[in-house]
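Chain by chain, the residues run as shown.
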Amino acid sequence: RKSKVSMFHLTCGQQAAVTDDGWAAHRRDFTSHFNNAVVASRRPLQQGELFEVRLVKRHATWSGSVKIGITPTPPEKLAFPNSIVGLRDGTVVLSGHNVTMDGTTKCERYCSDSLDALSEGESVGVMISNQSACFHMNGKNLGPAIQNLPSVPYWVLIDLYGQCVEVKIAPREMERSISIDTTVTLTFHPRCGRFVRLSNDQRSASRSRPLDEFNNGVVLSNRPLNDNELFEVVMVKKVSKWSGSLELGVTVHKPEAFEMPSSLTNFRDGMWVMSGDGVIRDGSGGTSDVYTANIIDRLPESSRVGVMKKGNGDLHFYIDGVDQGVAARGVPANVYAVVDVYGQTAEVALSESTGRRVGQLASPTINSMSYESSVDPLQFHKKCAKFARVATDGRSAYRIRPTEEFNYGVVMTDRPLNDNERFEVEIQQLVDRWSGSLEIGVTTVSPDGYDFPSSSMSMRSGTWIMSGNTVQRDGHVLCCSYDENLDHLKRGDRVGVVRKANGDLHFYINGKDLGQAVQGIPANVFGVVDVYGMCSQLALTSEGGRASRSASSRHPSSSESVSFMGHSSMQERLHRRAVRHRIRRRRHLESDDDSSSGSDGDSSSSSSLTLSLEDFLGVGSALTGSSGDGSLCFHRTCGVNAVIEGSGRVANRGSPETEFNGAVCLTNRPLRDGELFEIEINKVVSRWSGSLELGVTLIEPDELEFPDTMTDVTHDTWMLSGSTVMKDGSSMSRDYGIDLDSVTPGNRIGVMRRRNGDLHFYLDGNDVGVAMRDVPPGVYGVVDLYGQCAQVTITSGTSDNRLATVETPSTPSGWEGLHRFHHYHGRYVSMRENNRAAVRTGSFNNGVVLSSDPLKNGELFEVSIGRMAGRWAGSIEIGLTTLSPEELHQTGFPDTCTSFSRGTWVVSGSTVLVNGSTHKENYCRSLDSLKERERVGVVREPDGTMHIHINGRDHGSACSGIPPVVYAVVDLYGQAEEVVITSKKQESPDYDEFRPPASKPSESRREKPATPATPIRFEFWKNCGKHIKLSGDNRTATRTASYNCGLVCSHVPLVENQPFQVRLLKVNRMWSGSLMIGVVGGEPDAVVSKQTATGLKKDAIIVSSSSVIVDSQKVKDRYCKNLDGLDVGDEIGIVFKRGGGLHVLINGEDQGEASPNVPSKCYAVVDVYGMAERVKIVGPGEEEETEDEVPAEKEETSVQMGSEKKEEEKAYVVPEASVPVPLPKRLRPTTRKCPYQELCRRFIGSLAIPAGFMNPQFDRCFCPICHRNRGDGEYYIRGSPPVTYALPLGWARSALRLPPRADILKPDKNWHVAFHGTSAKAVRPILDGGVLLLPGDVALGGIKISEVKGHYTEDHKPAGFDTKKIFLSPTMKYAGLQVYAKKEEFTDPLTKKKHNAKVAFQVWIRPESYEKSKITVAVKGQVDDRIPNEEIEWSTKERSAIILYGLLAKIEDP
């Protein structure tokens, strides 16, 4: 017998938790506790009743596993023990192999397989039969364990012990009494797999990143299926990269409690799934080896797959409407449909048949369902595509603006076609400016509620179309040469389609049957016709006759059409605006000729004709939106309910009393920097809520698919709606300062983009302040006549704008230099103070925010709690994550920080969690105890550990192994409702080797004409990525921060056969990825704002790694040598060959054609990404450079080494702005990691220096190989006055973190560089104190500093010499002498070899704080060839004038 009410009792052990309405149980803290997790059944077992559970989750840390038993003690009276083995009072337990009773073993080796060996998905149960306890394992009865039990009630006990973490009552015991509304329309449930994206009112499901991920695409229906109810999906999109495809079935699990598996075949509990050609039950083989001859994996796009549970419990699957037979029997009631968007399948959508109930059908065809044959005459349905119109009699259809628009002309019949009924139309009007023509066919889609696509070939869910001479199904060609070509039809020709009673589809031209086109067409299909391309008007024919022109049609007469096409000026203007399949607009429109220029004849008739045509076509004197004076007006392409009047300066919403949206209007051209776009409110209606919305967008008017409201646009758009500032449809800040919902007639509202990228709004001419920053140039003004706002007018004088010169502070007072939150965030977060404050606006969760940029090593990200809400439990959570805000925006922000499943380290309360699992408890003061105005911060230390700071106090390492590129993550959870950023961005330390060279002023260069005889001297365009600094006449580009935002473009377009090449000058191994190169068709200013070149989605061809990427889509792999392997000195280039496409050159070697299709006007684009940090253009003009390859020691001047005379040397060294001499040819490194530097690092590591002192991102090796490979000089000049110092050749530097006083002293390029040799044992005391020590000082730990042997001492010194000083030198040839830098014996822990090691400090020293003197140690001859012995020793008593920034090490063989 099967139980109908067996569930777990809510009373349970201390560590146990009962979930899923009593059907599941788990052990709470299974990482710290292995017992105290006993659960019991809710009621006693009946005779012959089986109670069975499945093991859902194991944790391998512990030994032992699940135990099962029975007890006569009710759960309410049971003292739950640590383990059920210790229970008495007649308790019977199966543990491992053995059966015990009251703690005493009664039967050893009761079962051959131990319970401890059960795997996830396997089951164990117990039954009382004939007064005997019988245990079951995986459905098999193991026989009586204990006999002659007393006739008393027994409750089942389950002990979630050891490795057993979670169990569920087996599905066959879960025949619950469920009360669910089964009348709700079937859709997908919003809770779905990690990579699933739902759309179209949850009727479509796609797998995000289908070329990168093949699983985690499981989605369930929103409710259980009714008996005999069909659940059917259409395979909308497939990719060929993976194996396997769609999987479909049913499950007993609720979506709310379902733990989404990576794929359905991995789930072993309550599941029936069709996969390939078989049916799988609970992850194992089903009813037969081969269920159907139709293999799902081989089905093409647009195929339909369905599932239905019959009333008798049989499960049937359907493919393209055909019943495949019984797949399984005995399927319980209340099952949910489940779909796995797996492998090749990238997107599915529910078909029109989903939700229909089907009884016992004689025919397996699903579509023979609901409609009855009709004798009503056919008409067109009133609902049609955007540019299609149906005449009032319902028998004529036409496309509006046929000379401007070629698509969106789909119309359908108002009812399904009867068997053998001909659906026939006659072509009444043609225009000769397009290619393609009428398309006709049938579809299973009903016109009611259908979102009509741009053409009939884009229709899915069962659509068969004749287009040209091809027959297509759901966009896929079935027959390439069916018969006559529809594109060749003339006016008066007739085209028809008939579905025969046997399901065959036939097409007709002028009454001639073209023969069978397709078989197996379902019944009840609608006729569909596309008024496409040349075809602009058609009409239904009468029975066997030719239809006359509809008198009610509003299409202009043929004479008007002919006259219009003869209107030369209008025709020329329209011809420039239209292309075959897409209307493109240039960003800056040229003024067209006045439309009246071609009307020299009868001006009155011409004007009359022009007016009527303009009223019909929507074109006028401002057809392109340009006027002779270049003033702003509205573009004629606008929202469906918008009407442009008054020479393009007035915009109305048509029918404002019945329509409240669909009236978006854009300006005719992009706004200039500092230009005010201002409109005046003319008319409002009071029946609606909401009002005008105003803003800017990068989307061109002809490229915009006009939405109902502009805030629905999700890219490249910045809007003010009410008082909320929005970017790409997401709220960025509230309470801006204007409430557009409260404007009244007469108010003037304006928007302006400043030159610095700030966006300002204006009310009645008054600047309200900065609304948004970093808005790119080239934006169009946008007005949305929404709600109450019915009419606006562009005010006069906007092009002669006096407000353009008004300047506002670039940053609000008090916010300079602070971090920012990213504009992508959790659902209930609102940003304020330009993303420097965040407020949770609803509920207690969904408040996750991230830093705007990845944190640098040692960079503190700190917030102050602004407002608390006492009604919730819990509070702020903070940590680090490798997930970028953009990735989370695509995949969906989790409810809380603790829900992150990868790449996240978070402190919640006082517990440290890694990827949602407990890592460390009682780490710090509980964050739940923080009050308003208290501060909490997070930092990633250079050693890869995460530290939490509370009110400025570092609580030490929370966890380790943190990757280098991480974002700060803050969760406004529970009581914490508002946080304000208090930390400032960390500027990169001003190391001499790492500062980019100063840019030289250069004039802007725009496109120049180039002849083949004069090669172009390429430069980088002056506007570049935000992390790029240009130098060397704009021919050198250096990335100064982060790893991205490093795009640069050529200043002029490429010319045929002339390569554009760059040389890689510097790499940084802390990042992954490297240089990318390619071309882009857009203007450079519109390109460089992207974060990476692979994000360019329009007219872009990029080579990244070894792949070719076109418009963000990978089209070719393994094309060339991997660019990620480029090193210093390598050269990479591109060349555009006419007829030969785009080629890539690596070190002069042609890699072959990357892409055959290159934009006619294209600019070179280089992405200085990842490891690549500096590049320089090479080629024509290189010999004219005034500055050669800048050494890694950036701001200093390299002094030429050689045999020059002393007088020449002095003359050369004096000026700081001296130009470095050409460097020797770069050498290729022998290895990616320098073994000498690694050896020195191991020595530094042996000194037990805490990681908090180090800053490894600025480490540098000065061994001969590394020095030559970088092309550095040996000597540099620095400081004011300029002083020469020598690089520490032969040493390796481990960079130090700057002390806090460096923020006050601000050591810059005016300070000098020096070195201080010391002993290994003195390093730690010096670092602990933060300063160099004088003789006689007592260091931390009681170590007294004394004069070194070999140097002047108090007993041995010249008269008047002061030994109580700190001694330094500008060269390590002196500071590294044995008297200063003591040799220490060092045994390499890796190789066990012994070496001699020395240490020294590299420092900055303030000028005029020290004295120069001659050497004071016994040395023969000149110590350094460049630095005289008389100036080689520096001394000072000012400890604070010295900043330590590097610890040098030198290793020598003994």
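Structure shown above.
Residue indices follow the written sequence of each chain, beginning from 1 at its first position. The predicted nature of this model means local features are confined to residues of pLDDT at least 70 and side-chain atom pairs, given and counted, to a pLDDT of 80 or more, with totals for whole chains, interfaces and linings taken over all residues. Calculated side-chain values reflect all of the structure's heavy atoms, with hydrogen atoms and water omitted.

As a further point, take the pairing of strand 90 (residues 1442–1452). Both faces of the sheet carry side chains from a regular strand, because those side chains alternate between them. The cut-offs for exposure are 20% and 50% of the maximum accessible area for each residue type, with area from a 1.4 Å probe on protein chains only; residues under the lower value are buried, those over the upper are exposed, and the others partly exposed. Each helix corresponds to a stretch of at least 4 residues labelled H or I by DSSP, and each strand to a stretch of at least 2 residues labelled E; elements are numbered beginning at the N terminus. Among the 11 residues that make up strand 90, 9 are buried, leaving the element largely enclosed by the rest of the structure. Of the pairings in the sheet, the one linking strand 83 (residues 1292–1295) to strand 90 comprises 4 bridges and is antiparallel in character. Its bridge partner lying in strand 90, Ala 1295 is registered against Gly 1446. Here the rule is simple: two strands pair whenever DSSP picks up at least two bridges between them. Judged from the 10 bridges that link them, strand 87 (residues 1394–1405) and strand 90 form a sheet pairing that is antiparallel. Paired with Asn 1396 across the two strands is Glu 1452, which belongs to strand 90.

A sheet is described by the order of its strands in space; here 6 strands give the open sequence 69-78-71-72-73-74, paired in antiparallel fashion. This sheet does not close on itself; its edge strands, each paired only once, are strand 69 (1047–1049) and strand 74 (1113–1116). On average, each strand axis in the sheet is tilted by 25 degrees relative to the strand beside it, whichever way the strands run. One ladder, built from 4 bridges, connects strand 72 (residues 1100–1104) with strand 73 (residues 1107–1110); its direction is antiparallel. Within strand 73, the position partnered with Ile 1101 by the bridge is Val 1110. The angle between two axes is taken between their N-to-C directions and runs from 0 to 180 degrees, where each axis is a line fitted to C-alpha atoms and a helix contributes only its stretch in contact.

The next subject is the sheet that holds strand 60 (residues 911–914). Read from one edge of the open sheet, 6 strands run 56-65-58-59-60-61, paired in antiparallel fashion. Edge positions in the open sheet fall to strand 56 (848–850) and strand 61 (917–920), since each of these has one partner strand only. Sheet twist, expressed as the mean angle between neighbouring strand axes with direction ignored, is 25 degrees. Two strands pair when backbone bridges link them, and strand 56 and strand 65 (residues 967–971) are joined in this way by 3 bridges, in the antiparallel orientation. Following the sheet pairing, Val 848 is matched in strand 65 by Asp 971.

Okay, helix 9 (residues 1320–1329) next. Within helix 9 the residues assigned to the buried category are Ala 1320, Ala 1322, Val 1323, Pro 1325, Ile 1326 and Leu 1327. Contacts are assigned to residue pairs with any non-hydrogen atoms lying within 4.5 Å of each other. Packing partners of the buried residues in helix 9 comprise helix 6 (1235–1245), strand 84 (1312–1318), strand 86 (1384–1387), strand 87 and strand 90. Once helix 9 finishes, Gly 1330 follows within two positions and takes phi at roughly 85 degrees, a positive value.

Moving on, we come to the pattern of salt bridges. Take a side-chain nitrogen of Lys or Arg and a carboxyl oxygen of Asp or Glu: if they are within 4 Å of each other, that pair is a salt bridge. According to the stated counting rule, one finds 41 salt bridges in the structure shown. Across the pair Arg 494 and Glu 424 runs a salt bridge, and its minimum N-O distance is 3.2 Å. On the criterion of sequence distance, the pair formed by Arg 494 in strand 36 (residues 494–499) and Glu 424 in strand 31 (residues 422–430) is long-range, its members being 70 residues apart. For the residue pair Arg 494 and Glu 424, the accessibility class agrees, reading buried in each case. For the salt bridge of Glu 1149 with Lys 1121, the shortest nitrogen-to-oxygen distance reads 3.2 Å. Of the two residues, Glu 1149 is situated in strand 77 (residues 1149–1155) and Lys 1121 in the loop between strand 74 and strand 75 (1131–1137); the sequence distance between them amounts to 28 residues. A relative accessible area of 40% places Glu 1149 in the partly exposed class. According to the relative accessible area criterion, Lys 1121 is partly exposed, its value standing at 45%. Residues joined by salt bridges that share partners form a network here, namely Arg 840, Arg 867, Glu 977 and Glu 978.

Worth remembering: the numbers are spatial, not functional.
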